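Tertiary structure, described
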Amino acid sequence: MQLPVVRRTVTASAAVGLVSTATVVVQAVALAHLLAGAMPGAHPGDRLTAFVALGAAAAVRGLAALVGETLAHLGATKAKADLRAQLVGAALARAPSGDAGGPGDLATVAGRGLDALDVYIGRCLPDLVLAVVAPLALAVAVGVLDWISGVIVVTAIVLFPVFGALVGRASLALAGNRWRQVEGLGRHITDVFEGLPILRAFDRTAEQRRRIETAGEALREASLSTLRTAFLSALVLDTLASVSVALLAVPLGLRLLNGTVGLPAALAVLIVAPEVFLPLRRASAEFHESTEGLAALGQAMALIGPGDPSGVGRAPRGERRLREIPDPVRVPVELRAVRFEVTGRHDPILDGADLTIAPGETVVVVGPNGTGKSTVAALLLGFVQPSRGAVTVGGVDLADLDPASWRERVTYLPERPALLGRTLAENLRLADPEASEEALVAALVAAGAPDLAGDLPSGLATRLGAGGRPVSSGELQRIALARTLLRRGSLYVLDEPTVHLDAATEATVVTGLRRVLEGRSAFIVTHRPAVADLADRVVRLSGGRFVPAELLAPNGTAGTSPEPAAAGAGAGQ
Amino acid sequence: MTPASGRGGGSGAGGAVRVGSMRSLGLAPRRLTRASVSGTIGAASGIGLLATSGWLITRAAGRPPVFVLSVAIGLVQAFAVARGIARYFERLGVHDVSLDLLGRLRLRLFDTLEPLVPGGLGPTGSGEVLSGFVSDAEIIAKAFAKRVTTAIDLVASIVLGTAVALVVEPGVGVVLLAGAVAMTVVALVAARLGRAGAEREAAARAELADSVIDTMRVARELVAFGREDLVTARLAEIRRRSNSGAARRAFATGIGRAGATFTATAALAAVVATGIAAHDAGHVSGVMLAVEVFVALAVYDQCAVLPLVLADSAAGRSAAHRLWALGALPAPVVEPDLDAGPPDGAAEIAFDGVRVTHDGTVALDELSLRLPPGKRVALVGRSASGKTSALYALLHFVPCAAGRASIGGVDVARITRAGIARHIGWVDDVTHVFATNLGDNLRIADTEATEASCVAALAAVGLAAWFASLPEGLSTRLGAGGRPMSAGERQRLGLARALLAGGDTLALDEPTAHIDPTSSADVLDELVGATGSKTVLVISHEPGLDRLVDEIVTLEGGRVVDRQATRRDPAAGRPPGAAGCSSDH
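Residues numbered from 1 in each chain as written. Chains lettered and ligands numbered in written order. Predicted model: local features only at pLDDT ≥ 70, side-chain atom pairs only at ≥ 80, totals over all residues. Heavy atoms only, no water.

This paragraph deals with the overall build of chain B. Within chain B, the secondary structure is distributed over 16 helices and 10 strands. Out of the 585 residues in chain B, the part that is buried amounts to 57%. A sequence separation of at least 24 residues applies to 77% of the contacts in chain B between residues at least 6 apart. Carbon and sulfur atoms make up 60% of the accessible area of chain B, which amounts to about 21,400 Å² in all. (Helix = DSSP H or I, 4+ residues; strand = E, 2+ residues; numbered from the N terminus. Buried < 20%, exposed > 50% of the residue type's maximum accessible area, 1.4 Å probe, protein only. Contact = heavy atoms within 4.5 Å. Areas by Shrake-Rupley, 256 points an atom, 1.4 Å probe, with all protein chains shown as cover.)

Pasting the structure below:
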């Protein structure tokens, strides 16, 4: 675990625990002294000193508890925060390549899942350390008071982790199961909830309610039977702890009879005895909870993962990537015999796909869904890498370019654009942080959304999306388009730019696009004739390859002629 | 016509109980009693173990005959074993109670959410938010289990310990009780101190979850635009806020534990002092003094756990806040208990001066529209022009603020959900595919649909080839963890569902918005072909609508701005299976 804060927390807790343990011994000896002094025929002794010792022990123990608990909680919080940041960072890096899992999953792990770490790092780990340190220290103290009792305590202490490990291992496996079961049911229920509108429309909620009921009942049964096993470890350890007290008390009693041990020592041993096992019992009781924490940690680690498939975060070690990025306005962008596979699909999405986007050329790709059009967009952005072949810019492999620098040259409109739950202005400035308000409004107008800034209650400062004003899919698309228009790129990768738009808006948008695409290279995925009209060349994907397409030619401009491209290239040089 | 038959805990006016409070959930008394009895036996054994051991040792110091000790020796061993076993059954019992509670809480949650979607939850109604509610229920149940266990142990220990101490020496008993009460009070006060911090922390965490979801949705853009720094900054801010809350909570927990530890030892000293005074006054023997002290040790050990448990329960409290708040949201519509709807079969659909308001603003106004059986009307207009509001009003998801929507002359407000479902098949613009097999996904529309009719419905929406490619046919698992589907396939599945429902009216909310536009016109054609004589109300931007419908109504700003009667092309409906041909316009 790369969390130094955890080590610090654990060390501090151990130190504090030792101090606390010492006070236990002081307290026990003082108590034993007072009690033994009250026995028939015994001398009361110095009671005042004993009470002072008790008071001092109370104060020191209290202070130790304050320091220990505070440190443990702070440590847990810091560890969680570190992990969360790593999680989000890693997920962000992976998201474009599409293997980051659902946002819901991530939110679950980063939120509730890691909260299980509170108990694990804040309580279980320190207690685990205490469970090792405190009993041994106390065993020494007991041994000093009475060596035979010391031997018994040490034996019990040794047996404890052996039993704990044996029973605990079994319960760990089962808890892993339980976590998965809970997750499974959670997914099922989420699924039903997500579909609730449809269920309601078809009046099928009653059945789904019954399914949730049945699933919940099944989970209850399964959980209980798991708990029956999981709690066995607690049973064994609890019993071992209390039996140890009995095992100490009985021989002490018998030895007191024949006078081989003194009463003060015997009493002190008996008072200390439960304290020996308290940290052990607590640690084992938390073991069950800590398994959830560990499982969450495991999940988090799996999500954070070792590598960085898209190269978004940092460049792979030992590899220098070019920061001098060839400009697509001057050089062609090519797909050379690209093959791309996804797991779970039999045929590769792309297989031997060749495409050249000449400088300044607008290539439109059409064809049914699922033929790999969006994959090509992701390849061009460097979100994913081809399994064979290469994407090149002016002959340089994209994999050799610094991804962030390359993306500065690219303007991308994804298939399903999204908004941050922030203001309209902030959302637009994603594309260009320095854009003036006038520029933002101009972009909205060009994107067919002149009303958007004006109609919103607080204009550009209106908060959108989650927690703000709901946004329809048409508005979302137009905001995304405004982003696209704000950002000057050399290569435009637009995935379904006019989906969700009515014909009038689409016409406005196409006009805006025609203007910005002038002299730039573009790769546009679309189904709309009006957008295809922007093309210098129309292609379609068939069997994982690009083939020329002749369709959607309402005014006869589309075709396979490369002339406009040549013109664009000329302008670029 | 069967008015709302077979509906268990639906959203009928007199029906479901919504989430409201812990108390309203009730507990399984028998399960709770079982857990309490086990817990009490465990607490008694713990006290008995220490008290008997103390007696054994101090008595042995007086060197009595061995047989005097033998009973005590037996008791010590018995208590030792009994305690572990009793605790085991207590734990199981309490978890049984809490899991049972969780089951009921989930169902309440379901009943609470049902009338709120779509239309009643506002913009927060996403799946992630909904699943957040489910995990809240789990947190509540877990916190509950912990609290109940602690309460049982604490009360049993204090009551039993005080009783023993009182019997032995009343003065000591009173001091012991006072000490236990003091420890409890200290723990409660400390917990209160920490609550504010915990709330801040919880708020930051909720924001974190939102932020994570938000980030993941926009991840592609952020990376493409090179703006990952936005996320880092936001995380840092949330982290700062969360940390200040956590620091406060940590300190409060520390104070609580310190106070409890200090109070425990101080109380113990008080017990000893009182006991020694009583002993010196000749009220209690040295042996029984030792017993009193060991009883006090056992009780105070139990009290020392309280601050820890209280610190943990903060999460449960904030989860409860969220759920109970949800329960207070008003349902947009009240569904009638009795179905006044028209008999099955073709019925006229009508809007008469319908107004729909949303958060105080008028989303749709003065919509009057008549769809006699077989008529097809398209609603067109820009986003937020009121098209979907019209559909929701007809489906009775949202109420009419003025005017009425009716089926066969009956106000939809007087028709049950089942009644509306029998008449109108609804297709949303994004079809939810359940994580179950294809057949079950289709049979949501009609539980009794035969395999043949399922296959026919799939064919009608152009999914014949897709279906043929499925190795497991209708048993193919879809949705999360199942076979991936493209947006187009999902929508087609939604259309197939609506057809399968068998109503005589279809309400289609941009059904082809996400379908490959080269074939979306064909799909719409096919739908029309498959609907035959059915009434259709469709929101769409599809070119060529004029060939498919009888009237095109254009909305803007919630009002009708244009009505255009069109001439439907009788040949427009294509036979199923024609999808995939290239578009011709």
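What follows deals with the overall build of chain A. Along its length, chain A carries 16 helices and 10 strands. Evaluated residue by residue, chain A yields a buried proportion of 60% over its 573 residues. Summarising the internal contacts of chain A: among those between residues at least 6 apart in sequence, 75% fall at separations of at least 24.

All names here are of chain B. Taken together, 6 strands build an open sheet; the order of strands is E6-E7-E8-E3-E9-E10 and the sheet is mixed. Since the sheet does not close on itself, it has two edges, and those belong to strand E6 (424–427) and strand E10 (559–565), each with one partner. On average, each strand axis in the sheet is inclined to that of its neighbour by 15°, with strand direction left out of account. Note that strand E7 (residues 505–509) and strand E8 (residues 535–539) share 5 bridges and pair parallel. Of the residues in E8, the one forming a bridge with Ala507 is Leu537. Here helix H9 (residues 387–394) sits on the sheet in contact with strand E3 (376–381), E6, E7, E8 and strand E9 (551–556), set at roughly 145° to E8. (Pairing = 2+ DSSP bridges. Axes fitted to C-alpha atoms, helices over the stretch in contact; angles between N-to-C directions.)

Time to look at the packing of helix H6 (residues 205–257) of chain A against helix H3 (residues 66–113) of chain B. Here H6(A) crosses H3(B) at 165°, and the two axes come no closer than 7 Å. Between H6(A) and H3(B), the interaxial angle falls into the category roughly antiparallel. At the point where H6(A) passes H3(B), the crossing takes the right-handed sense. Looking at side-chain class alone, the contact of H6(A) with H3(B) contains 25 nonpolar, 10 polar and 12 charged residues. (Parallel < 35°, antiparallel > 145°, perpendicular 65-115°, else oblique. Left-handed = near helix turned anticlockwise from the far one by under 90°. Nonpolar A, V, L, I, M, F, W, Y, C, P; charged D, E, K, R; others polar.)

Now for the sheet that holds strand E5 (residues 396–397) of chain A. Residues and elements named next belong to chain A. Pairing within the open sheet is antiparallel, and its 4 strands lie in the order E2-E1-E4-E5. In this open sheet, the two strands that pair with only one neighbour each are strand E2 (350–357) and E5. On the sheet, helix H8 (residues 373–381) packs against strand E1 (333–340), E2 and strand E4 (388–393) and is oriented at approximately 120° with respect to E1.

Our next topic: the side chain of Arg204(A). Within the fold, Arg204(A) resides in the loop between helix H5 (196–201) and H6. Residues contacting Arg204(A), with those up to four places away along its chain left out, are Leu199(A), Arg443(B), Ile444(B), Ala445(B), Asp446(B) and Thr447(B).

Bringing the interface of chain A and chain B into the picture now. Residue-level contacts link 146 residues of chain A with 146 residues of chain B. Of the roughly 13,300 Å² buried between chain A and chain B, counting both surfaces, carbon and sulfur atoms make up 67%. Linking chain A with chain B are 5 salt bridges, by the criterion used here. A salt bridge links Arg209(A) to Asp111(B); the nearest nitrogen and oxygen atoms lie 2.7 Å apart. It is H6(A) that contributes the most residues to the side of chain A that touches chain B, 32 residues altogether. When grouped by side-chain class, the residues that make up the side of chain A that touches chain B number 79 nonpolar, 29 polar and 38 charged. (Buried area = accessible area lost by both parts, 1.4 Å probe. Salt bridge = Lys/Arg side-chain N within 4 Å of Asp/Glu carboxyl O.)

This part is about the confidence of the model for chain B. All names here are of chain B. The pLDDT averaged across chain B works out to 81; a share of 84% of its residues lies at or above 70. In the model of chain B, helix H15 (residues 517–531) stands out as the element of lowest mean pLDDT, 66, in contrast to strand E4 (residues 402–407), which has the highest, 93. In the predicted structure, residues 1–15 sits below a pLDDT of 50 and forms 32 contacts with residues beyond four places in sequence or in another chain. Scored as a whole, the predicted complex attains pTM 0.66, and scored at its interfaces, ipTM 0.70. (pLDDT = per-residue confidence, 0-100.)

The subject of this paragraph is the packing of aromatic side chains. All names here are of chain B. The full count for this structure, using the stated rule, is 5 aromatic pairs over all chains. Note on Tyr88 and Phe89: the rings are 5.2 Å apart at their centroids and 80° apart in plane angle, and the pair reads as edge-to-face. Each ring, one from Tyr392 and one from Phe397, has its centre 5.5 Å from the other, and the planes form 85°; the classification is edge-to-face. Summarising the burial analysis for this pair, Tyr392 and Phe397 share the class buried. (Phe/Tyr/Trp six-rings, centres within 6.5 Å; stacked < 30°, edge-to-face > 60°.)

The next subject is helix H11 (residues 437–446) of chain A. All names here are of chain A. When we look at burial in H11, the residues that qualify are Leu440, Ala443, Leu444 and Ala446. Across the axial projection of H11, the buried residues extend over an arc of 165°, all falling on one side. Within two residues after H11, Gly448 carries a phi angle of roughly 80°, on the positive side. (Arc of directions from axis to C-beta.)

The subject of this paragraph is the nonpolar core. Among the nonpolar cores identified, the biggest contains 108 residues, and Phe351(B) and Leu438(B) are the most heavily contacted of them. Grouped together as the second largest cluster of nonpolar side chains are 93 residues, Ala353(A), Leu486(A), Leu513(A) and Val525(A) included. (Core = buried A, V, L, I, M, F, W, Y, C linked by side-chain atoms within 4.5 Å.)

Bringing the environment of Leu494(A) into the picture now. All names here are of chain A. With respect to the helices and strands, the residue Leu494 is situated in strand E7 (residues 491–495). The class of Leu494 is buried, set by a relative accessible area of 0%. With 28 residues separating them along the chain, Leu494 and Ala522 place their C-alpha atoms 7.7 Å apart. Leu494 has contacts with Thr411, Leu413, Thr484, Leu513, Phe523, Ile524 and Val525, leaving out every residue within four places of it along the chain.

All names here are of chain A. Although it is not a glycine, Asp203 adopts a positive phi angle of roughly 55°. Of note, Asp203 is situated in the loop between H5 and H6. Judged by its relative accessible area of 8%, Asp203 is buried. A positive phi angle is found at Ala337, which is not glycine, with a value near 45°. For Ala337, the position within the fold is in strand E1. Judged by its relative accessible area of 41%, Ala337 falls in the partly exposed class.

Okay, the side chain of Thr505(B) next. All names here are of chain B. With respect to the helices and strands, Thr505 occurs in strand E7. On the basis of relative accessible area, Thr505 is assigned to the buried category, the value being 3%. In this structure Thr505 touches Ile349, His423, Ile424, Gly425 and Thr535, once residues within four positions along its chain are discounted.

Attention now goes to the confidence of the model for chain A. Residue and element names in this part refer to chain A. Predicted confidence across chain A gives a mean pLDDT of 79, with 80% of residues reaching 70 or more. Across chain A, the secondary-structure element scoring lowest on mean pLDDT is helix H16 (residues 563–572), at 37, and the one scoring highest is strand E8 (residues 521–525), at 93. Note that residues 307–319 has pLDDT below 50 and, in this model, 21 contacts with residues that lie over four places away or in other chains. Low pLDDT (under 50) marks residues 552–573, which in the prediction has 25 contacts with non-local residues, meaning those over four places away or in another chain.

Among the secondary structure elements, Ala265(A) is positioned in helix H7 (residues 263–304). C-alpha of Ala265(A) to C-alpha of His33(A): the two residues are 232 residues apart in sequence and 8.6 Å apart in space.

Going through the model one piece at a time under the given rule, you end up with 32 salt bridges over all chains. Between Arg87(B) and Glu90(B) there is a salt bridge; the shortest N-O distance is 3.6 Å. Linking Arg87(B) with Glu90(B), this pair stays in helix H3, spanning 3 residues, or about one helical turn. A single network of salt bridges, built from pairs that share partners, joins Glu217(A), Arg220(A), Arg31(B), Asp96(B), Asp100(B) and Arg104(B).

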